[in-house]
Every structure is written in structure tokens, then in C-alpha cells.
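Below, each chain spelled out in residue letters.
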Amino acid sequence: MITCPTCGQENPADSRFCNACGAELLPAPETREYRKVVTVLFCDVVGSTALGESVDPEALRTLLGRYFDEMKAIVERHGGSVEKFIGDAVMAVFGVPQLHEDDALRAVRAAVEMRDALPELGVEARIGINTGEVVVGTAERLATGDAVNVAARLEQAAGAGEVLLGPETAQLVRGAVETEPLTLELKGKSEPLVAQRLLVLHEEAPAFARRLDAPLVGRARELRRLQEAFAQAVDDRSCQLFTILGVAGVGKSRLTVEFLGSLEEATIVRGRYLPYGEGITYWPIIEVLKQLPGPSDFGLEPAAVAAIEQLLGEEHAATSSEEIPWAVRKLLEAAAESSPVVAVFDDIHWAEPTFLDLLEHIADLSREAPLLLLCLARPELLDKRSGWGGGKLNATTILLEPLSSTETDELLERLLGEAPLEPDLQQRIREAAEGNPLFVEEMVALVEESGDGEVSVPGTIQALLAARLDQLEPAERGVLERGSVEGRVFHRGAVQALAPEETNVERRLTGLVRKELVRPDKPQLAGEDAYRFRHLLIRDAAYDALPKATRSELHERFAAWVEAHGAELVELDEIVGYHLEQACRYRAELGQADESLERRAAERLGAAGRRSLVVGDASAAAKLLGRAVSMAEPSGPEGVELLLELGSALADFGELHEATARQEEAVNLARKLGDRVLELRAACEVRRFPAITDPFYTAERAIEFGHEAVLELEPIGDDQALGAAWALVAMGENVRGHWRGVEAALDHVVEHARRSGDRKREIEARQLLSASIFWGPTPLSVGLPRVEAMRQDAGEDKWLESWAIRPIVGFYAMQGRFDEGRELFARARSILEELGLPMDIATLAFWSGPLEMLAGDPAAAERDFAAGCEELEARRETGWLSTMSALHAEALDALGRFDEAEAAVRLSKEASTSDDYDAQALWRGAEAKLLARRGQFDEAERLAREAVATIDRIDEVNHQGNVRIGLVEVLRLAGRNDEAREVLEEALARYEQKGNAVMTDQARTLRDELRAAD
Ligand SMILES: Nc1ncnc2c1ncn2[C@@H]1O[C@H](COP(=O)(O)OP(=O)(O)OP(=O)(O)O)[C@@H](O)[C@H]1O
Ligand SMILES: [Mg+2]
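A.B. asks: Could you clarify how one ought to interpret the overall build of the chain in this entry?
C.D. replies: Along the chain, the regular secondary structure elements total 45 helices and 18 strands. A compact globule built from 1014 residues would reach a C-alpha radius of gyration of about 31 Å, whereas the chain, at 41 Å, exceeds it by more than 25%. For the chain, the proportion of its 1014 residues judged to be buried stands at 53%. In the chain, of all internal contacts separated by at least 6 residues, the share reaching a separation of at least 24 is 66%. If you sum the accessible surface of the chain, you get close to 45300 Å²; carbon and sulfur atoms cover 49% of it. Charge centroids of the chain, computed over 113 positive and 179 negative side chains, lie 3 Å from each other.

A.B. asks: Can you help me understand the site of ligand 1 in this one?
C.D. replies: Inspection of the region around ligand 1 gives 21 residues, with Arg210, Gly249, Lys252, Arg378 and Glu441 positioned closest. At a separation of 2.7 Å, an oxygen atom of ligand 1 approaches a polar backbone atom of arginine 254. Measuring from an oxygen atom of ligand 1, one finds a side-chain N or O atom of arginine 378 at 2.7 Å. For ligand 1, whose free accessible area comes to 630 Å², the fraction covered by protein is 98%.

A.B. asks: Would you take a moment to explain the state of the cysteines for this structure?
C.D. replies: Working definition of a disulfide: a covalent bond connecting the sulfur atoms of two cysteines. Scanning the model with the defined rule gives zero disulfides in all. The closest cysteine sulfur to the non-disulfide-bonded cysteine 375 is located on cysteine 239, 9.5 Å from its own sulfur. Assessed through its relative accessible area of 0%, cysteine 375 is described here as buried.

A.B. asks: Mind showing me how you'd approach the sheet that holds strand S12 (residues 267-272) here?
C.D. replies: Strand pairing in a sheet is mediated by backbone hydrogen bonds. Such pairs are either parallel or antiparallel. Strands sit in the order S12-S13-S14-S11-S15 across an open sheet of five strands; the sheet is parallel. Two strands lie at the open edges of the sheet, namely S12 and strand S15 (395-399), each paired on one side alone. Strand after strand, the sheet turns through a mean of 15° between neighbouring axes, direction not considered. Bridge count between S12 and strand S13 (residues 341-346): six bridges; the pairing is parallel.

A.B. asks: How should I be thinking about the nonpolar core in this particular structure?
C.D. replies: Considering soluble globular proteins, one finds that nonpolar side chains tend to be buried as a cluster. Grouped together as the largest cluster of nonpolar side chains are 103 residues, with contacts concentrated most on Leu713 and Phe811. For this core, the element with the most residues is helix H30 (residues 719-735), which contributes 10 residues. Not counting residues within four places of it along the chain, the set of residues in contact with leucine 713 comprises Val677, Leu680, Asp718, Ala721, Leu722 and Ala725.

A.B. asks: How do you make sense of the pattern of salt bridges when you look at a structure like this?
C.D. replies: A side chain with one charge may pair with a side chain of the opposite charge, provided their charged atoms come close. On inspection of all chains with the given rule, the structure shows 90 salt bridges. Between glutamate 679 and arginine 676 there is a salt bridge, and its shortest N-O distance comes to 3.7 Å. Of this pair, glutamate 679 and arginine 676 both sit in helix H27 (residues 676-686), three residues apart, roughly one helical turn. With a relative accessible area of 14%, glutamate 679 lands in the buried category. A salt bridge links arginine 688 to glutamate 685; the nearest nitrogen and oxygen atoms lie 3.4 Å apart. For arginine 688, a relative accessible area of 26% corresponds to the partly exposed category. Among the ionic contacts, a cluster of salt bridges with common partners joins Asp357, Glu360, Asp364, Arg385 and Lys392.

A.B. asks: Got a minute to help me understand the packing of aromatic side chains in this structure?
C.D. replies: When we look at a pair of aromatic rings, we describe it by the centre distance and by the angle of the planes. As enumerated under the stated definition, the model contains 12 aromatic pairs in all. Measuring from centroid to centroid gives 5.1 Å for phenylalanine 774 and tryptophan 775, while their planes differ by 80°, and the two rings are edge-to-face. For the pair phenylalanine 774 and tryptophan 775, one class covers both residues: buried. Look at phenylalanine 774 and phenylalanine 811: their rings are 5.2 Å apart centre to centre, the planes differ by 70°, and that puts the pair in the edge-to-face class. Linking phenylalanine 774 in helix H32 (residues 759-775) with phenylalanine 811 in helix H34 (residues 798-815), this pair joins segments that are 37 residues apart in sequence. The exposure class of phenylalanine 774 is buried, given its relative accessible area of 8%. According to the relative accessible area criterion, phenylalanine 811 is buried, its value standing at 0%. Through a chain of ring-to-ring contacts, three or more aromatic side chains come together here, namely Phe774, Trp775, Phe811 and Trp847.

A.B. asks: What's the story with helix H6 (residues 220-236) in this structure? I'm lost.
C.D. replies: Three or four residues apart is the spacing at which side chains of an α-helix point the same way, because the helix has 3.6 residues per turn. With 17 residues, H6 should reach 24 Å at 1.5 Å per residue; the first-to-last C-alpha distance of 24 Å fits that figure. Among the residues of H6, Glu222, Leu223, Leu226, Ala229, Phe230 and Ala233 are the ones counted as buried. Seen along its axis, H6 keeps its buried residues to an arc of 125°; they face one direction. Exposed residues on H6 whose side chains face more than 90 degrees from its buried face are Ala220, Arg221, Glu228 and Asp235. On its buried side, H6 packs onto strand S11 (239-245), helix H7 (252-261), S13, strand S14 (371-377) and S15. The positive-phi residue at the C-terminal boundary of H6 is arginine 237, with phi of around 45°.

A.B. asks: Would you mind going over the packing of helix H44 (residues 977-994) against helix H45 (residues 997-1013) with me for this structure?
C.D. replies: When two helices pack together, their arrangement is given by the angle between the helix axes and by the axis-to-axis distance. Across the interface, H44 lies against H45 with an axial gap of 9 Å and an inter-helix angle of 165°. In terms of axis orientation, H44 runs roughly antiparallel to H45. Considering only the axes of H44 and H45, their crossing is left-handed. In contact with Asn977, Ala980, Arg981, Leu984, Glu985, Leu988, Tyr991 and Glu992 of H44, H45 contributes Met999, Thr1000, Ala1003, Arg1004, Leu1006, Arg1007, Leu1010, Arg1011 and Ala1013. Tallied by class, the residues present in the contact of H44 with H45 amount to nine nonpolar, two polar and six charged.

A.B. asks: Quick question: what am I supposed to make of unusual backbone geometry here?
C.D. replies: For glutamate 434, which is not glycine, the phi torsion reads 45° and is therefore positive. With respect to the helices, strands and loops of the structure, glutamate 434 is situated in the loop between helix H14 (423-433) and helix H15 (437-450). When its relative accessible area of 22% is taken as the criterion, glutamate 434 is described as partly exposed. The backbone of glutamate 516 shows a phi angle near 65°, a positive value even though the residue is not glycine. Tracing the backbone through its elements, the reader meets glutamate 516 in the loop between helix H19 (505-514) and strand S17 (518-521). Residue class for glutamate 516 comes out buried when judged on its relative accessible area of 13%.

A.B. asks: Please clarify how the environment of valine 742 should be interpreted in this entry.
C.D. replies: Checked against the element boundaries, valine 742 lands in helix H31 (residues 739-756). For valine 742 and glutamine 524, which are 218 residues apart along the polypeptide, the C-alpha to C-alpha distance reads 47 Å. Setting aside chain neighbours within four positions, we find valine 742 in contact with Ala730, Glu733, Asn734, Leu768 and Ser772.

A.B. asks: Looking at this structure, I do not really get the side chain of serine 366. What am I missing?
C.D. replies: As for its position among the elements, serine 366 is in the loop between helix H11 (353-365) and S14. Of the polar contacts made by the side chain of serine 366, one reaches the side chain of glutamate 333; its length is 3.1 Å. The contact partners of serine 366, leaving out residues within four places of it in the chain, are Cys239, Arg329, Glu333, His361 and Leu371.

A.B. asks: Please explain the sheet that holds S17 as it appears in this structure.
C.D. replies: Ordered in space as S16-S18-S17, the three strands form an open sheet in which the pairing is antiparallel. Edge positions in the sheet fall to strand S16 (489-491) and S17, since each of these pairs with one other strand and no more. Between one strand and the next, the sheet's axes are offset by a mean angle of 35°, whatever the strand orientation. Bridge analysis of S16 against strand S18 (residues 530-533) gives three bridges, and the strand direction is antiparallel. In the strand pairing of S18, phenylalanine 490 is matched with tyrosine 531. Set on the sheet, helix H17 (residues 474-486) makes contact with S16, S17 and S18; between it and S16 the angle comes to about 115°.

A.B. asks: What's the story with the pairing of S18 in this structure? I'm lost.
C.D. replies: It is a general feature of regular strands that their side chains alternate between the two faces of the sheet. Alignment of S17 against S18, held across four bridges, turns out to be antiparallel. Note that in S18 the partner of valine 518 across the bridge is phenylalanine 533.

A.B. asks: Explain the packing of helix H40 (residues 898-911) against helix H41 (residues 917-933) here, please?
C.D. replies: Closest axis-to-axis distance for the H40/H41 pair is 10 Å, and the angle between their directions is 150°. In terms of axis orientation, H40 runs roughly antiparallel to H41. For the pair H40 and H41, the crossing hand works out as left-handed. Taken together, the residues of H41 that come into contact with H40 (itself represented by Phe898, Ala901, Glu902, Val905, Ser908 and Lys909) are Ala919, Trp923, Ala926, Glu927, Leu930 and Arg933. Counted by class, the contact of H40 with H41 contains seven nonpolar, one polar and four charged residues.

A.B. asks: What exactly am I supposed to notice about the confidence of the model for the chain here?
C.D. replies: Predicted coordinates in regions of low pLDDT should not be interpreted in detail. Per-residue confidence for the chain gives a mean pLDDT of 88; residues scoring 70 or more make up 93%. The element-level mean pLDDT for the chain is lowest in helix H28 (residues 690-693), coming to 56, with helix H42 (residues 937-951) highest at 96.

Rules and cut-offs
Residues numbered from 1 in each chain as written. Chains lettered and ligands numbered in written order. Predicted model: local features only at pLDDT ≥ 70, side-chain atom pairs only at ≥ 80, totals over all residues. Heavy atoms only, no water. Helix = DSSP H or I, 4+ residues; strand = E, 2+ residues; numbered from the N terminus. Rg over C-alpha atoms; globule rule 2.2 N^0.38 Å. Buried < 20%, exposed > 50% of the residue type's maximum accessible area, 1.4 Å probe, protein only. Contact = heavy atoms within 4.5 Å. Areas by Shrake-Rupley, 256 points an atom, 1.4 Å probe, with all protein chains shown as cover. Lys, Arg positive; Asp, Glu negative; His and termini not counted. Charge placed at Lys NZ, Arg CZ, Asp CG, Glu CD. Near = heavy atom within 4 Å. Polar contact = N/O pair within 3.5 Å; in protein donor to acceptor, adjacent residues only side chain to side chain. Disulfide = S-S within 2.5 Å. Pairing = 2+ DSSP bridges. Axes fitted to C-alpha atoms, helices over the stretch in contact; angles between N-to-C directions. Core = buried A, V, L, I, M, F, W, Y, C linked by side-chain atoms within 4.5 Å. Salt bridge = Lys/Arg side-chain N within 4 Å of Asp/Glu carboxyl O. Phe/Tyr/Trp six-rings, centres within 6.5 Å; stacked < 30°, edge-to-face > 60°. Expected span 1.5 Å × (residues − 1). Arc of directions from axis to C-beta. Parallel < 35°, antiparallel > 145°, perpendicular 65-115°, else oblique. Left-handed = near helix turned anticlockwise from the far one by under 90°. Nonpolar A, V, L, I, M, F, W, Y, C, P; charged D, E, K, R; others polar. pLDDT = per-residue confidence, 0-100.

Structure representation (C-alpha cells):
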């Protein structure tokens, strides 16, 4: 059944005309809901009760009837619709059924007309206007939402003859009005509202102000083409039709201003099409005619003069409308007689067909007159006239593309002048605007105004884009919306899956491409076609219009589609997880949380996070795993795993408190589950960040806990838990400086991690293991083959290889294989450079520097240490810097650059913490030598002996030797050779133990020298 909208008669479903009144029956509009930003206007009459008392009821009825008719007419003239009459009040909505980019301004214009019309009826108006998001169903056209309530409240707060604007409305129309602020306490609102009282409305103001003040950026080629077209018109005495197409704000009008400014001898006339108004078909032509001398001045035929005068409203004698195009052409040709004419018609995408016909008539038929018709339009023009300009030899159409990113930067610079924004703010504007100069301007204005450093999308831009989508036919729009669910880039198959009822996806997409809304893009899935939204903001506008319930459903369906079709995608889990997450989020917002969907989302996000963890992207992992945890409360053994992984990811980039909190949750959950193995594993993990978890923490207690866990776990044989327990032991041994213990524990960790497939733990263990083999007491004869084997094991993993190379270089140096060492070292360096890891590169000096020292080239060593220190300092790193600058001091000392050596010692001293034993020992050793050279032997010896005592607390055998050699030097300078020889023997023993051939030789030579000196 179709109900006739005119008379209410019910008609059979397939009727085209009403059986009762004969009115045309339009198909029932699709009943679906949209979210829209609309402007709501309430208008009431002041004193109507008093009026009711004083006027005869019959007269009052007539009066009110006239009032309603008049109000309705005004609203509709501005493209709004009257939603309802409530008592004496009128509620109108601008944006329903059709959005316009200037709905807010239309509402204000209508308000002013209403206000001015009412006194004639003997009453006064009070009006409230507010803009905001509402949900509308296209069938019953009812706007609901908070925005409506606020508009009503504003109207109640307005005085007689007043128009009050809500903040959003005021922001949108700020270029066209003058207002004064007014703070209102509104019923039912916690915050006071800052409304604006309308003082002046500037007629003719555009929907939003264009600045035109920054100098033109780019567009050299387009300008040249315009100039060529003009030259051709002049040279051939011909008419040229030049059309600039481009999306809103891309710079069509601006380019035109620039071009016109470059013309010397030409008569320039301009007309602009308005988006709405009454009887505006010929409006731009009328404007143009007014800028030219009258038709009689050119001696035109009387019929032409009559037609023109009629157009100008001067002559009421009717001429047939067929004469108008001809007359206009004649007039333009006559005007071009003396000097070339450039006639600009802006915004002709709003033109009526008759007007487009007129332009084509002139372009086709004009002869012997230099005339450039310059037309500006958005791509929508092609919807009206797909063949615009086509087939004409004298027509040129260009498409104005967005500015490049360098051009955008230039524009930003010119707009901001002396007061640039923060670089990352500027960067965000550049990214969000994507080369659209209007968007750049509006965003800059918004940022400058709000001053909170946030880049949000200005309401003006949102209105512009939403209005553009509202003009699409529903099927085309549906396709665009389905695409927006996938993202900026979407696949045809997905659209089809989300819109199974649509039989012509292909054609719709082609239409959208032609409308410059999307363009074909490289598909991410084999055998698919992909499209990309021309602008991210278009995607957002399409998406934002979908009701949340629809978004939720579409996300879930998309997840299913990509699960089925995206097996080849590396990020499949992440993508599916994201879409399920969105589906859950909207459901939750609507109070319809769906637990099983949440679990599925969490599983996918968890899986994606785990993979990021393995490839070493801790920050991505932490985010993904964090999302998984907040999606669904972790439960069961998988929940414990998830919390542990999240903790590990957080710890990787230094979020230790957060990491510990998550791991403690894991311990509690495991305990609740009664799973002892998991509990032990989690407990070992949580103890790896000692100072945070336990104020009574000592390395010994950590080691003890680890060993106890190992004892309990060994019979069960759970590799993951055993890996965690041994990792705890290794950490404790590391803290107390027992490299041998570290090495032993890490051997277990590597073994268990390999068996349980825990690649991340294995890699971390290997990295430290190779270092502990070198620094600890393991002799070269055992250590070198081990680290060489580890390099083999690293296989294709370049980063791991770079770590395995370090101790090899260290051992080679001890053997005097300097060139081999340098070669390997160069390889490690180039790997790290390629991987872009400056911090890892900085620490290479720990190996290259000592090699050069052993090779007898302290100058080379000094260069390496200096560079390493500089990088570490620049990154405010201190853990490594403390040790490296002490080594740097040694190299400077060897070069005789004592002042610099002193500075390096100071740096080391400042950077070392009390338990940083090797740094504490090394800087003391270096300073002792400097003091001894100045003859301060007592102080020197005290420091040097402290250095020995300190280094002996840890088992760094080479360093134990080196620090002793320092003491030997001090004693020798003091002339105490006997004591020096004793200490030297101790050093020698350590070098022999480690297998350090080069130092063994040097120590022996020194022994001989000391003997000879006696
Ligand atoms: N190349 C440019 N260099 C500097 N500013 C520009 C450039 N292009 C455009 N602008 C500025 O961007 C704003 C929007 O440009 P313009 O009004 O010309 O867009 P448009 O394409 O005519 O849009 P519409 O379709 O809405 O009429 C203007 O303020 C203009 O001054
Ligand atoms: Mg323009």
C-alpha cells in the first residue's frame, strides 16, 4: 500500500498516480537511519498569550495561520524543512532531507528573515539556533538528539526580537556575522553554555570565509594553460571555453583571481552561481550584464536589446526565452569588439541546465570575437552534464589536483608567517589536509583559535564533505559507506560482501571514481580490485554518517570476509582483531555488549601482539596486547599468557611499573586457576624487575627463588616455566656481577627457550650469553669456539649476528689477530647501519676501542670511544656511558692528552651508580694514573687500590688484570718497583687464565723492564 502524500488515500503498491486525487506517487523513500550534523531552528512569538486575550479568536486563528505559512515559506526558501509546529513555535531543520555545506548559514539567514517578517504581523519573534549531530530516519524525518534540546532552550532564553546562536553554529558562520557572547545556565545542563547574540548578518557572505591573503603557492602550469587559452582567443579572435574542475577548496577561485590579475588588456566580467535562491537560473549572467555597458550602447538589434532588458528586469514586454542565449552572445561579442572579454562563471556545478545550455550556445556559435569563457566547477558538474566541453575544438578542461606536500608546507609557512606552529602540529595539519588549501586554512584557524594544540576537523569542512555525500544517490552512497568500513583503501569483494543486495557494485564504483571521491588503487589481496578514498576526510564523512548499530554489524561482517579472503595477509590477525574490536565497541556503546564477540576480538588482537613481540616491535606489541586485555577480562591459562606477554612487551620499552602490575595480575590469575606451573612462571617473570616488586630485594634472593623454582619444575619439565626460572637466575647473577653464573644460567635459558619455541627469550639470552662468555672467566680456548658457533647459529638473523661478532672481535684482539678483528667489526657495523640502530652502533666502541688499544693504536681507540660517548650522551644514556668514558680516559691518557682525560674521568664518575662496579673501578684506575703523574702518589695509590678492590667484586678477568696494571704504573712512578712487581704478577696470572696473549706478552715485557730497572 502507498499512502498518497497529498490526500491520504491508500493506493495499491504498484500505483504511480493516486486513485483519488491523481497526484504522482513517488516510491516510498528508503527507511534507513543516518547520523548527520544538522542545524535546528526554533522560533516562537513573544506575547502570544497576551495577544490571545486581546484579539478575537477568529482573527487570532487567521493571524497564526498566516504566521505559520510565512515561516514555512521562509524556511523552505533557504532549503530547510519545517519539522513541526509546537504551540506557537516553529521547529525547522536545515540538513534534512538534504545536507548543504552552508546549512548553518542558511538557518541564520532564515532566522533574520523570520525576525524581520514578524513585526508586520504585529508580534515579535525569539529564535534559537543550534548545530549538532542527530540521527534521522529518512522516512519520518524526525531529528532527535541533544542538539535539538539545546536549540529549544536557546529559543526560550532569547529576548523579544533576539536570535541566539549555539557555539557550534556561531563557529560555523563566524565569517558572515557579528555577535556578542552571552553565558547561559540551561536547565538540565551541567556546564553553562556560551551562546552568541546575533548583531549583524553580512548579506552575500559565502558559506565560509576564504582568506585569499596568503600569496599563491604552485599552480604555475595551470596558470600557463589559462594564459595560452587567452592568447588563442585573442590571436584567433575566437571564443574559448575553459573549465577548471576541482573539489571544494582545492583552489579554483584562487587560481582564477591570480590569472585575472596577470591580464593587462581585457574586459573582465564575473558571475557566480549561488547554491540556492529564488529564480536564480540566470543570476550569474545578470551579474555579468550589469558589469557591461547597456545593450543599446553597443547598437544591438532591438530584439536583443529587449531580451537583455527583460533579463535585467527593466523591460516587462515578454520576449521568448529562446532569444536570451542569442542576445547574451551578441552582447558579449559586441563588448569584445574593442578589447578581449574574459567572462568568469564560478561555481557552475550549482547551475540549472538552462544556464549550462546558454554557455554551450555561446561557446558553439560565437565567431569573430576574442572571448574567453572561464568556468569553475566541482566535479559534480559532470553528474549534471557528463559531456561538458566534450567534442568542442575550442574547449579545454583541466582538473586541479591537491597541492604537493612541499607546496603545502610552503602554504603553511605563508599563512603562519612570523608565528609558526610546533613542527609536529604542522605535520599533522599537513597530513590531515592532504593538499587541500582550504582545509589547511581552516585547520590553522581552528588551531590558532582553540590554542590547545589539537588538530581536529573543522565543522566547516565536515559540513562540506557531508553535504557532498548527501547528494549521492542512495545506492552509490551505500557502496561508499561499505567501503569506508574497511578503511581508506577498500576492496570490491568486501563491498559486495557487505552489500549483498547491490547488484551493480562495479558500476557504482566507476561512478564514484568519476565523481573524484575514490580512485583505483593497488589491491592488497590477489585477484581483487582496490579503491582508495581520494581524501581521508571523505572516508570519515561516509563512515560517520552510519548509525552505530550499522557500523557494528558491518565491522563484524567485514571481519568474516577478510578472514575468508585474506589468508595471505601478514597482518590478518591485526585486521580481523581491529574490526571485531570496533564491532564490540559500538555494541557496548549502545548497551548491547556481546561477550563472545569480545573474546574473539581479544584472541585476534592477542595473536597479532604476540607476532609483533617476536619481530621485536615492542611498542606495537604492547598496544595490541593491551587492547586484547581491555577487550575481554583475561581468564584461563591463555589469560595468564596474555598478561605475561603484555608485561614483557611493556618492560621492553621501559614501562616497568605497568609491566609489573600486569605480571602480578598474571600471578594472581594463575593462583586462582590452581595452576602451579603457570604461577611459578609468572612469579619468576615478576621478579625480573627487582627494585619495583620487592623493597627487600637482593640479587641473592632472586637467584635463590629462581633455583627453588627450577627444583620444583624440573620433574614436571615445563620448558616455558623453566626458561623463566633460569632467566631470573641469570638476571640475579648479572646484577651481582657474576659472569660465570650468568653464562651457566643462560645456557639453560637458551635450551628451554628453544624447546618451547620462545624465540624472543632465546634471542635475548643469546645476546647476553655471548657477552658473558667474553667478560667472565671462561678462557679463550673454550670461549672463542663457543662464540664462533653462536655466530653460525645466528643464521639469517643479522642483528643477532652483529651481537655474536662482538666477543669474537674481543677474543681476536687478545690473540693479536687485529686485522681479522677489524674486518669482522666492519661487518657488524654495516649490519647495524643498515638496520638503522644508532644505539647499538654506539656500543660497538666497547669492542673496537680495546682492540685498537691492544694493537698499540690509542689514537684510533680514542676516535672510537669519543664517537661512542658522544652518541650515548646525546641520547642521555648513562648505563654504558659510565664505563665507556672511563675507557676513553685511558686512551686519552695514553696519548698524553691529560686535561681531556681528566674531563672524561669526571664524566664517568658522574654517570656511574654505586653498583656499577666496572665503571667505578675503571675511572678510579684512570684518575690514579693522572694523579701519580702530577706527583700526588698517596692519593693515587689509594684510588688505584680501591679500584682493584672494586673490580675484584666481579669476575671480569681482563678488567681485573687491566686495573692492576694501572696500580703497577702508579707504584712505578712512585719508585716502588718491588711492590709494582708483586701486583704485576697478579695481573699476569689473570691474563694467562683468560688466554689474553697480547696482554700476557706486554706484562712479561713490563716485568723485564722492572727487573732491569733494579
Ligand atoms: N595555490 C594556492 N596558494 C595559496 N592559497 C591557496 C591556493 N589555492 C587555494 N588557496 C586558498 O585556499 C582557499 C580555498 O581556495 P578556493 O576558494 O580557490 O577554492 P575553490 O576550489 O574555489 O573551492 P570551492 O569549490 O568551494 O569554490 C582560499 O582561501 C584560497 O586563498
Ligand atoms: Mg571557489
